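Summary of the model geometry
What follows is the residue order along each chain.
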Amino acid sequence: EAGVAQSPRYKIIEKRQSVAFWCNPISGHATLYWYQQILGQGPKLLIQFQNNGVVDDSQLPKDRFSAERLKGVDSTLKIQPAKLEDSAVYLCASSATGYGSYEQYFGPGTRLTVT
Amino acid sequence: KQEVTQIPAALSVPEGENLVLNCSFTDSAIYNLQWFRQDPGKGLTSLLLIQSSQREQTSGRLNASLDKSSGRSTLYIAASQPGDSATYLCAVNQGGKLIFGQGTELSVKP
């Protein structure tokens, strides 16, 4: 079974530029998550999708971050414009469903450096 | 608001030692608790998942326990090896969302 795929693996941009990350979850998984992990901290949930609908985006900085999951499969997370404090690893995860105790599976992450 | 704390933040041990990593959480209303391993520059690898109704889970040299009433979990690693060096994260599943601790950075010296 293929795992969660993410691209790119690394990205370096200057502040005020825009960037987009892509995630393809495990086949058949209804729920998709984006997490932000700042160096030295645990991951923090940014947004949760159930199929193609948003379940929770309470911690997403909506003035600069946006995410979509068209057709309920793969997802894109965008930052525009980027700030220095956005430097982090962006992790995508998926689970069979977000309702209950199903295990989440994580992708390799995208390491973003904003200069 | 759920808060997850891991102690210690960093740990260095000689090869062969048994060790315990600690995780505490403030709200016992959780579905499950997961322990992850993260190697530098890599994503998260799930080690063990304990459902809220369970007390412990074992996989090889790893044993995780859960005491929901006291808000605590421990990860026990037996006979540590240099290859165990990594950051270990615990996360509680509350309402389908994972809330993570800040991690324990483990270094096992040959």
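Quick summary incoming for the structure in this document. (Residues numbered from 1 in each chain as written. Chains lettered and ligands numbered in written order. Predicted model: local features only at pLDDT ≥ 70, side-chain atom pairs only at ≥ 80, totals over all residues. Heavy atoms only, no water.)

Another point: the interface of chain A and chain B. Of the residues lining the interface, 23 residues belong to chain A; the matching set on chain B comes to 21 residues. Buried area between chain A and chain B, both sides added, is near 1500 Å², and the carbon and sulfur share of it is 48%. Here chain A and chain B share one salt bridge between them. Linking chain A to chain B there are seven residue pairs in polar contact (both at pLDDT 80 or more). When residues of the side of chain A that touches chain B are traced back to their parent elements, those giving at least two are strand 4 (31-37) and strand 5 (44-50) of chain A. Broken down by element, the residue count for the side of chain A that touches chain B peaks at three residues, all from strand 4 of chain A. Split by residue class, the side of chain A that touches chain B holds nine nonpolar, 10 polar and four charged. (Contact = heavy atoms within 4.5 Å. Buried area = accessible area lost by both parts, 1.4 Å probe. Salt bridge = Lys/Arg side-chain N within 4 Å of Asp/Glu carboxyl O. Polar contact = N/O pair within 3.5 Å; in protein donor to acceptor, adjacent residues only side chain to side chain. Helix = DSSP H or I, 4+ residues; strand = E, 2+ residues; numbered from the N terminus. Nonpolar A, V, L, I, M, F, W, Y, C, P; charged D, E, K, R; others polar.)

Residue and element names in this part refer to chain A. With respect to the helices and strands, serine 87 occurs in the loop between strand 8 (75-79) and strand 9 (88-95). Taking the C-alpha atoms as reference points, serine 87 and phenylalanine 21, 66 residues apart in sequence, are found 13 Å from one another. The residues contacting serine 87, other than those within four sequence positions of it, are Ile38, Leu112, Thr113 and Val114. A polar side-chain atom of serine 87 sits 3.1 Å from the main-chain carbonyl oxygen of leucine 84. Polar contacts involving the side chain of serine 87 include one to the main-chain amide nitrogen of valine 114, which spans 2.9 Å.

Attention now goes to the state of the cysteines. Summed over the entire model, instances satisfying the criterion amount to two disulfides over all chains. Here Cys23(A) connects covalently by a disulfide to Cys92(A), the sulfurs 1.9 Å from one another. Across the S-S bond of Cys23(A) and Cys92(A) the torsion is about -70°, and the bridge reads as left-handed. Note that Cys23(A) is positioned in strand 3 (residues 19-24) and Cys92(A) in strand 9, a separation of 69 residues in sequence. For the pair Cys23(A) and Cys92(A), a shared accessibility class is recorded, and that class is buried. In this model Cys23(B) forms its disulfide with Cys90(B); the gap between the sulfur atoms is 2.0 Å. On the sign convention where negative means left-handed, the S-S torsion of about 75° between Cys23(B) and Cys90(B) marks this disulfide as right-handed. (Disulfide = S-S within 2.5 Å. Buried < 20%, exposed > 50% of the residue type's maximum accessible area, 1.4 Å probe, protein only.)

Moving on to the nonpolar core. Of all hydrophobic cores here, the largest spans 22 residues; its most connected members are Phe25(B), Leu33(B), Trp35(B), Leu75(B), Ile77(B), Tyr88(B) and Leu106(B). Listing elements by their share of this core, those giving two or more residues are strand 3 (19-25), strand 4 (32-38), strand 5 (44-51), strand 7 (62-67), strand 8 (72-77), strand 9 (86-94) and strand 11 (104-109) of chain B. Excluding its chain neighbours within four sequence positions, the residues that come into contact with Phe25(B) are Gln2(B), Glu3(B), Val4(B), Ile30(B), Leu33(B), Leu66(B), Asp67(B), Lys68(B), Gly71(B), Arg72(B) and Val92(B). Within the second largest apolar cluster, 21 residues are counted, among which are Phe21(A), Cys23(A), Phe65(A) and Ala82(A). (Core = buried A, V, L, I, M, F, W, Y, C linked by side-chain atoms within 4.5 Å.)

Another point: the sheet that holds strand 3 of chain B. Residue and element names in this part refer to chain B. Ordered in space as 1-3-8-7-6, the five strands form an open sheet in which the pairing is antiparallel. A strand with exactly one partner marks an edge of an open sheet, and here the two such strands are strand 1 (4-7) and strand 6 (56-59). Between one strand and the next, the sheet's axes are offset by a mean angle of 15°, whatever the strand orientation. When strand 7 meets strand 8, the two strands line up antiparallel, connected through six bridges. Bridged to leucine 66 within strand 8 is serine 73. (Pairing = 2+ DSSP bridges. Axes fitted to C-alpha atoms, helices over the stretch in contact; angles between N-to-C directions.)

Turning to the pattern of salt bridges, a few remarks are in order. Residues and elements named next belong to chain B. Evaluation of the coordinates by the stated rule reveals five salt bridges over all chains. With a shortest N-O distance of 2.9 Å, arginine 37 and aspartate 39 are connected by a salt bridge. By relative accessible area, which is 17% here, arginine 37 ends up buried. For aspartate 39, a relative accessible area of 26% corresponds to the partly exposed category. Between arginine 61 and aspartate 84 there is a salt bridge, with its nearest N and O atoms 2.8 Å apart. With arginine 61 in the loop between strand 6 and strand 7 and aspartate 84 in the loop between strand 8 and strand 9, the pair connects residues that are 23 residues apart, well separated along the chain. For arginine 61, a relative accessible area of 29% puts it in the partly exposed group.

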